[in-house]
Amino acid sequence: HAKAVELVGDFNSWQGYKNKMTKVDINGVWETFVPNIKDYQNYKYHILTAQNMWVDKIDPFSFFSELRPKNASRTYDIEGFIWHDEEFISKRNLNLNKAMNIYELHLGSWVKANDRFFSYSELAEKLVEYLNNKGYTHVEILPISEHPLDMSWGYQCSGYFSATSRYGNPKQLMSLIDVLHQNGIGVIFDFVPVHFVKDD
């Protein structure tokens, strides 16, 4: 029921009048086009509600987000990652009659470095050794969609496709998956869109 939507961000000095959006669908789909956007540009939607209140909302379909406590969506090109897991992928469907041994974990609490989270690359090294030593065939990772609170295990997500920035950027997550696959470990992600944060 938005009355107006503007795109605000680093690329327009957070001035919505420069990128007013056009409603293209009665179900609430709005669009605009901004040329020459680079990676790591912060942005939000500036929305005039049915109650005539302006609110700023992040993009629930973004691929990257600012690191908390900040919360803007970030532009990021997820194309171009070079995978090295061809052998794993080629054999994946041949294992349907083999036993699975799944290790479930939360990346943020599994191991920490003093007052910071381990990065995706640091986690990859430790995970491969641990999972192979214990005989696990798969790792199931608790939700890694962006979410506001460190105390949460990833529930109450704020983006459907934005993996949390706590451990790195999207291509660093791809690298973690790639390393696990190269070492024969399947990856399962918990996806919890029903726990979606609704506030500003």
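Structure shown above.
Residues numbered from 1 in each chain as written. Predicted model: local features only at pLDDT ≥ 70, side-chain atom pairs only at ≥ 80, totals over all residues. Heavy atoms only, no water.

Enquirer: Just give me the short version of the pairing of strand β1 (residues 4–9), but keep the residues and values in it.
Expert: Counting buried positions over the 6 residues of β1 gives 5, a clear majority of the element. Bridge count for β1 against strand β4 (residues 42–48) is 6 bridges, and the pairing is antiparallel. Of the residues in β4, the one forming a bridge with G9 is Y43. (Buried < 20%, exposed > 50% of the residue type's maximum accessible area, 1.4 Å probe, protein only. Helix = DSSP H or I, 4+ residues; strand = E, 2+ residues; numbered from the N terminus. Pairing = 2+ DSSP bridges.)

Enquirer: Kindly report on the pattern of salt bridges, identifying the contributing residues and their values.
Expert: Opposite charge on two side chains permits pairing when their charged atoms draw close. Under the counting rule described, the total for this entry stands at 4 salt bridges. Measuring nitrogen to oxygen at the nearest pair gives 3.4 Å for the salt bridge that ties K20 to E6. Highlighted residues: K20 in the loop between β1 and β2 (22–25) and E6 in strand β1, separated in sequence by 14 residues. For E6, a relative accessible area of 10% gives the class buried. (Salt bridge = Lys/Arg side-chain N within 4 Å of Asp/Glu carboxyl O.)

Enquirer: Tell me about a nonpolar patch on the surface, and please be specific about residues and values.
Expert: A contiguous nonpolar patch, built from F61, F63 and F161 and spanning about 320 Å² of accessible area, is present on the exposed surface. Considering the arrangement of structural elements, one finds F161 in the loop between β11 (138–141) and α4 (170–182). Given the relative accessible area of 46%, F161 is considered partly exposed. (Patch = residues over 30% accessible without salt bridge, like charges linked within 9 Å, V, L, I, M, F, W, Y side chains within 5 Å. Areas by Shrake-Rupley, 256 points an atom, 1.4 Å probe, with all protein chains shown as cover.)

Enquirer: Describe in detail the packing of helix α3 (residues 120–134) against α4, supporting the description with residues and values.
Expert: Contact geometry for α3 and α4: axes closest at 9 Å, N-to-C directions at 20°. Classified by the angle between their axes, α3 and α4 sit roughly parallel to one another. Crossing of α3 against α4: the hand is right-handed. Each of Y120, L123, A124, L127, V128 and L131 in α3 lies in contact with α4, whose residues at this interface are Q172, L173, L176, V179 and L180. In terms of residue class, the contact of α3 with α4 is built from 10 nonpolar, 1 polar and no charged. (Axes fitted to C-alpha atoms, helices over the stretch in contact; angles between N-to-C directions. Parallel < 35°, antiparallel > 145°, perpendicular 65-115°, else oblique. Left-handed = near helix turned anticlockwise from the far one by under 90°. Contact = heavy atoms within 4.5 Å. Nonpolar A, V, L, I, M, F, W, Y, C, P; charged D, E, K, R; others polar.)

Enquirer: I'd like a rundown of the sheet that holds strand β8 (residues 102–105), residues and numbers included.
Expert: In spatial order, the strands read β8-β11-β12; together these 3 strands make up an open sheet with parallel pairing. Looking along the sheet, the strands with just one partner apiece sit at the ends: β8 and β12 (186–189). For this sheet, the mean angle separating the axes of adjacent strands, direction not counted, is 20°. Bridge count for β11 against β12 is 4 bridges, and the pairing is parallel.

Enquirer: How would you explain unusual backbone geometry if you had to name every residue and give the values?
Expert: Residue R68 is joined to P69 through a cis peptide bond whose omega torsion reads 10°. On the secondary structure map, P69 appears in the loop between β6 (64–65) and β7 (73–74). At S13, a residue that is not glycine, the phi angle is positive and equals roughly 55°. In this structure, S13 sits in the loop between β1 and β2.

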